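# An overview of the molecular structure
Read off the chains here:
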Amino acid sequence: ALVNVNGYYSLVEAVASVNGTNYESLEAAIAAAQEGETVVLLKDVTLTEKVDVKVNMILDLNNHKITATAKNAFYAFADLTVENGTIENTNSLGRCINTRDDISLVLNNVELIATSSNNTQPLTIGVATNGVKVSINNSTIDAGMSGYAIIAFVQSDIVIENSTISGYAALYMKEGSEGSIVDVVSSTLNTTNAYSAETNTFGAIVLEDNITLKVDA
């Protein structure tokens, strides 16, 4: 395919596209995307460095897989919808998506996987001034036996619907998440931790601050 490489077109294998323009890397496609555009992944890909999402966009994984080896796969500084595929982080401290501002994050038909070691955090709600909105639909988030599948450090409105969330803690609302609202609908939150009863201080849901939790399993 003809691929845009720094403004010039070359005949190489395309990795991602934006509005019909092909790019040789997912990083290049995301950097080129304008407000509200959709980045479509065209093949399985490995990311070796963090990718910043700085404008509102849709990332359509198109039934492909992203394998990340850096600590963070994506920093989301703007509204982001991810759909139709898998993001796996194989780093021992792996994070698949890490929110970094007052944004809206939507996951539709997505797998987030980070199971390599302890303290993996597939979905990290990390930074905000006025809060983060997260919608998880028909998705799976897996932190393995000693990680935190969803971890929130700030006020967050989270809706989990028709999804399966698993980890040492499936949902970990840290100190600083006061005022959060979490709505769990037709979903499963599993704890799969490997620790003995004597050292086990966690469960499927861990709350360190005052939040509202609604469960309609």
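The present account deals with the structure reproduced in this document. Predicted, not measured: the structure shown is a model, and the values here were computed from it.

Calculation rules
Residues numbered from 1 in each chain as written. Predicted model: local features only at pLDDT ≥ 70, side-chain atom pairs only at ≥ 80, totals over all residues. Heavy atoms only, no water. Helix = DSSP H or I, 4+ residues; strand = E, 2+ residues; numbered from the N terminus. Buried < 20%, exposed > 50% of the residue type's maximum accessible area, 1.4 Å probe, protein only. Contact = heavy atoms within 4.5 Å. Areas by Shrake-Rupley, 256 points an atom, 1.4 Å probe, with all protein chains shown as cover. Phe/Tyr/Trp six-rings, centres within 6.5 Å; stacked < 30°, edge-to-face > 60°. Core = buried A, V, L, I, M, F, W, Y, C linked by side-chain atoms within 4.5 Å. Salt bridge = Lys/Arg side-chain N within 4 Å of Asp/Glu carboxyl O. Pairing = 2+ DSSP bridges. Polar contact = N/O pair within 3.5 Å; in protein donor to acceptor, adjacent residues only side chain to side chain. Axes fitted to C-alpha atoms, helices over the stretch in contact; angles between N-to-C directions.

## Structural notes on the overall build of the protein
Within the protein, the regular secondary structure consists of 1 helix and 23 strands. In the protein, which comprises 217 residues, the proportion classed as buried is 49%. Partitioning the intrachain contacts of the protein with sequence separation of at least 6 by distance along the chain shows that 53% fall at a separation of at least 24. Accessible area for the protein stands at about 9,500 Å²; split by element, carbon and sulfur atoms hold 44% of it.

## Things to note about the packing of aromatic side chains
Under the definition given, this model contains 3 aromatic pairs. On the numbers, 6.1 Å between centres and 35 degrees between planes, the contact of Tyr148 with Tyr168 is tilted. Residue Tyr148 is found in strand β16 (residues 148–152), and its partner Tyr168 is found in the loop between β18 (164–167) and β19 (169–173); the two are separated by 20 residues along the sequence. The burial state of Tyr148 is the same as that of Tyr168; both residues are buried.

## Let's talk about the nonpolar core
Leu26 and Phe74 are the most contacted members of the largest nonpolar core, which has 54 residues in total. If one sorts the elements of this core by residue count, strand β8 (residues 57–68) sits on top with 5 residues. The residues touching Leu26, leaving out its near neighbours within four places in the chain, are Val15, Ala16, Val39, Leu41, Val45, Leu47, Leu59, Ile66 and Phe74. Of all hydrophobic cores here, the second largest spans 6 residues; its members include Tyr148, Ile151, Tyr168 and Tyr172.

## Examining the pattern of salt bridges
Scanning the model with the defined rule gives 4 salt bridges in all. A salt bridge links Glu88 to Lys65; the nearest nitrogen and oxygen atoms lie 2.6 Å apart. Here Glu88 is found in strand β10 (residues 80–89), whereas its partner Lys65 is found in strand β8, with 23 residues between them in sequence. Residue Glu88 is classed as buried on the basis of its relative accessible area of 18%.

## So, the pairing of strand β9 (residues 72–76)
For a regular strand, side-chain orientation follows a simple rule: the groups alternate between the two sheet faces. Extensive coverage of β9 is indicated by the burial of 5 of its 5 residues. Here 3 bridges tie strand β7 (residues 51–53) to β9, and the two strands are oriented parallel to one another. Paired with Val51 across the strands is Phe74, a residue of β9. Here β9 runs beside strand β11 (residues 95–99); their pairing, made up of 4 bridges, is parallel. The residue bridging Ala76 from the neighbouring strand is Thr99, located in β11.

## Examining the side chain of Glu88
Of note is the side chain of Glu88, whose polar atom sits 2.6 Å from the side chain of Lys65. Not counting residues within four places of it along the chain, the set of residues in contact with Glu88 comprises Lys65, Ile66, Thr67, Ala68 and Ile113.

## Thoughts on the sheet that holds strand β22 (residues 205–207)
Overall, parallel pairing links the 7 strands, which are arranged β7-β9-β11-β13-β16-β19-β22 in an open sheet. Two strands in the sheet have a free side with no partner beyond their single neighbour: β7 and β22. Along the sheet, successive strands turn relative to each other by an average axial angle of 15 degrees, direction set aside. Where β19 lies against β22, 3 bridges are found, and the strand directions are parallel. Its bridge partner being in β22, Leu171 is matched across the sheet by Ile205.

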